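The lines below spell out each chain.
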Amino acid sequence: TDDSTSCNGIYVTLDLTTDEFGLDTSWELIDRNDDTVVASESDFPNSQTFPFTECLDPRGCYDFFIKDARDNGICCQQGSGNYNVSVNGRLIASGGEFGSSETVFIGGSCGVNATQEGICLEGYSLLNVTI
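Treat the numbers as computed from the prediction; the structure is a model and nothing was measured. (Residues numbered from 1 in each chain as written. Predicted model: local features only at pLDDT ≥ 70, side-chain atom pairs only at ≥ 80, totals over all residues. Heavy atoms only, no water.)

Some details on the nonpolar core
Here's step 1: Counting residues in hydrophobic clusters, the biggest one holds 23 residues, and the most contacted among them are Trp27, Phe64, Tyr83, Val85 and Ile106.
Here's step 2: Going through the elements one at a time, strand 1 (10-17), strand 2 (25-31), strand 4 (49-56), strand 5 (62-68), strand 8 (82-87), strand 9 (90-95) and strand 10 (101-106) are the ones with two or more residues in this core.
Here's step 3: Per element, the largest residue contribution to this core is four residues, and it comes from strand 1.
Here's step 4: Not counting residues up to four positions away in its chain, the partners in contact with tryptophan 27 are Leu14, Leu16, Ala39, Ser40, Glu41, Phe44, Phe52, Phe64, Phe65 and Ile66. (Core = buried A, V, L, I, M, F, W, Y, C linked by side-chain atoms within 4.5 Å. Buried < 20%, exposed > 50% of the residue type's maximum accessible area, 1.4 Å probe, protein only. Helix = DSSP H or I, 4+ residues; strand = E, 2+ residues; numbered from the N terminus. Contact = heavy atoms within 4.5 Å.)

Put into structure tokens, the structure is as follows:
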């Protein structure tokens, strides 16, 4: 967990509100370059909100996976859970209605420093969402 003022990379914020079966919810942040788990959490209490932050390498590509063991997402069958993912203060994805999982792609520069202006190569963008 990092403070945004000291992050010289991609500052990712997740706000997660669990449904009535918080133990069924888990998430992972995976580095696509080497498939390592950068951060993860599971076994949440029911119907509560949890904030998470992470400072990531600006040259990286990452996948945020949110999972539900009951295969009904975190909204709306058993409560009104939801999640919001922001990068450098900008909301890039939100949701709660999904089956067993949902994926958010963070990065896109894959080896290029994403914090520099005008660095995105043709066909790439800094922020993409795949659901």
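Considering the side chain of threonine 25
Here's step 1: As for its position among the elements, threonine 25 is in strand 2.
Here's step 2: Those residues in contact with threonine 25 that sit more than four places away from it in its chain are Leu16, Asp19, Ser42, Asp43, Phe44, Ile66, Lys67, Asp68 and Ile74.

Regarding the pattern of salt bridges
Here's step 1: Summed over the entire model, instances satisfying the criterion amount to four salt bridges.
Here's step 2: Two residues, aspartate 63 and arginine 32, come together in a salt bridge whose shortest N-O distance is 3.1 Å. Within this pair, whereas aspartate 63 is found in strand 5, its partner arginine 32 is found in the loop between strand 2 and strand 3 (36-42), the two being separated by 31 residues in sequence.
Here's step 3: Ionic pairing is found between aspartate 57 and arginine 59, a salt bridge with its closest N-O pair at 2.9 Å.
Here's step 4: Arginine 59 gets classed as partly exposed once you look at its relative accessible area, which sits at 45%. (Salt bridge = Lys/Arg side-chain N within 4 Å of Asp/Glu carboxyl O.)

Examining the state of the cysteines
Here's step 1: All chains considered together, the criterion is met by two disulfides.
Here's step 2: Here cysteine 7 is linked by a disulfide to cysteine 55, with a sulfur-sulfur distance of 2.1 Å. Handedness of the cysteine 7-cysteine 55 disulfide follows from its S-S torsion of about 85°: it is right-handed. Separated by 48 residues along the polypeptide, cysteine 7 in the segment before strand 1 and cysteine 55 in strand 4 bring together distant segments of the chain.
Here's step 3: Take cysteine 7: its relative accessible area is 11%, and that puts it in the buried class.
Here's step 4: Residue classification places cysteine 55 among the partly exposed positions, given a relative accessible area of 25%.
Here's step 5: Two residues, cysteine 75 and cysteine 76, share a disulfide whose sulfurs are 2.0 Å apart. Around the S-S axis, the bridge from cysteine 75 to cysteine 76 shows a dihedral of about 70° and counts as right-handed.
Here's step 6: Taking the relative accessible area as the measure of exposure, cysteine 75 reaches 15% and is therefore buried. (Disulfide = S-S within 2.5 Å.)

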